[in-house]
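Here's the letter readout for the chains.
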Amino acid sequence: MNMMIYWRVFVLVLISWMMTGCATPTPPSKEYLLMDVSLKNAQAQSTTGMSVQLMPIVVANYLAGNEIVLVTKQGSVHRSQSNLWAEPLSPQLTRLTQQRLEKTLPNITWFGGQRLPSYAIALLNIEVDDFYADLEGMIHISGRWQMISEMGELSASNTFDVQSKLQSDGYSTMVQTLSASWFDQVIDPMAKEIAQSFKN
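Heads up: these notes are all about the structure in this document. These figures come from a predicted structure and were not determined experimentally. (Residues numbered from 1 in each chain as written. Predicted model: local features only at pLDDT ≥ 70, side-chain atom pairs only at ≥ 80, totals over all residues. Heavy atoms only, no water.)

## Some thoughts on the environment of Asn66
Next up, step 1: Here Asn66 is to be found in the loop between β3 (58–59) and β4 (67–71).
Next up, step 2: Among the residues examined, Asn66 registers a relative accessible area of 32% and is labelled partly exposed.
Next up, step 3: Considering only alpha carbons, one finds Asn66 and Gln81, 15 residues apart in sequence, at a separation of 9.2 Å.
Next up, step 4: Ignoring any residue separated from it by four or fewer positions in sequence, one finds Asn66 in contact with Leu84, Trp85, Ala86, Glu87 and Pro88. (Helix = DSSP H or I, 4+ residues; strand = E, 2+ residues; numbered from the N terminus. Buried < 20%, exposed > 50% of the residue type's maximum accessible area, 1.4 Å probe, protein only. Contact = heavy atoms within 4.5 Å.)

Below is the structure:
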């Protein structure tokens, strides 16, 4: 009989201990979005009138999750569990890039997603290999882009490889620096090259 009481007490203590462990508060996660803060100041480039579909921007697999990543010079990837993208990188970059291109190349009709016309149009493909900060306080953005004509020919292409110094510590600064570098050092130069290829 005593053994039964001891067993019940043990089980109650164990359950109580487990519930206390489950109730331990975890620090709340912070979520971030890329922002194009300089969109209103973007300079328009003159081109011929045409239609282009911006294909969904492809990011490397290690960037496809919601965790913001840091990468060491040795290639070690650190994923933050409490600092997250509020939306995966690919749709964020695709949506904001289309907004910037609509502003900088207004003579081009930009299509995204499934909103396609019935006729053949040019395609813009962008692939991102790097989009992170390292442990030395530098951000890294690299990849490539290709503009394919409506006839399926390569009209323009280039690679991009951007490094910028973080002005202060913290994920907020990292996200702001990644955003500014993407638009000012990747998309704007790309828009100028596209404009040169499709001059009036």
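## Quick word on the layout of surface pockets
Next up, step 1: One number sums up the size of the largest pocket: a volume of about 150 Å³.
Next up, step 2: If you trace the largest pocket, you find it lined by Leu70, Ala133, Asp134, Leu135, Gly137, Leu166, Ser168, Asp169, Gly170, Tyr171 and Met174.
Next up, step 3: Here the lining of the largest pocket is built from residues that sort into 6 nonpolar, 3 polar and 2 charged. (1 Å grid on protein atoms, 1.4 Å probe; cavity = no way out; pocket = protein on both sides within 12 Å on 5 of 7 lines; lining within 4 Å. Points joined across faces, edges and corners; volume = space filled by probe spheres on them. Nonpolar A, V, L, I, M, F, W, Y, C, P; charged D, E, K, R; others polar.)

## Observations concerning the pairing of strand β6 (residues 108–112)
Put simply, side chains in a regular strand alternate between the two faces of the sheet.
Next up, step 1: Burial analysis of β6 places 4 of its 5 residues in the buried class, which makes it a mostly covered element.
Next up, step 2: Looking at chain direction, strand β2 (residues 50–54) and β6 are connected through 5 bridges and run parallel. Within the sheet, the bridge partner assigned to Val52 lies in β6 and is Trp110. (Pairing = 2+ DSSP bridges.)

## Describing empty space enclosed by the protein
Next up, step 1: Following the criterion strictly, the structure yields 1 cavity of 30 Å³ or more and no others.
Next up, step 2: In terms of lining residues, the largest cavity is bounded by Leu63, Glu67, Ile68, Val69, Trp85, Leu89, Phe131 and Met174.
Next up, step 3: Examining the composition of the lining of the largest cavity, we find that 3 residues originate from one element, β4, more than from any other.

## Examining the pairing of strand β8 (residues 138–148)
Next up, step 1: Among the 11 residues of β8, 8 are classified as buried, and the element is accordingly described as predominantly covered.
Next up, step 2: Here strand β7 (residues 122–133) folds back onto β8, and the loop between the two strands holds 4 residues, one of which, Gly137, carries a positive phi near 85 degrees.
Next up, step 3: In the sheet, β8 pairs with strand β9 (residues 154–165) via 11 bridges, with the strands oriented antiparallel. Each bridged residue has a counterpart across the sheet, and for His140 the counterpart in β9 is Gln163.

## Things to note about the nonpolar core
Next up, step 1: Within the largest apolar cluster, 47 residues are counted, with the highest numbers of intra-cluster contacts made by Leu124, Phe131, Met147 and Trp182.
Next up, step 2: At the level of elements, β2, β4, α2 (89–104), β6, β7, β8, β9 and α3 (171–197) are the ones that each hand at least two residues to this core.
Next up, step 3: Considering each element in turn, this core owes the most residues, 11 residues, to α3.
Next up, step 4: The contact partners of Trp182, leaving out residues within four places of it in the chain, are Ile57, Leu93, Thr97, Ile126, Val128, Phe131, Ile141, Phe160 and Ile187. (Core = buried A, V, L, I, M, F, W, Y, C linked by side-chain atoms within 4.5 Å.)

## Notes on the packing of aromatic side chains
For any pair of aromatic rings, the description rests on two quantities: the centre-to-centre distance and the angle between the ring planes.
Next up, step 1: Evaluation of the coordinates by the stated rule reveals 2 aromatic pairs.
Next up, step 2: Ring plane angle 85 degrees and centroid distance 5.8 Å describe the contact between Phe160 and Trp182, whose orientation is recorded as edge-to-face. Pair noted here: Phe160 is in strand β9 and Trp182 is in helix α3, with a separation of 22 residues, a long-range link. We note that Phe160, like Trp182, is buried.
Next up, step 3: An aromatic cluster of at least three residues, connected via ring pairs, comprises Phe131, Phe160 and Trp182. (Phe/Tyr/Trp six-rings, centres within 6.5 Å; stacked < 30°, edge-to-face > 60°.)

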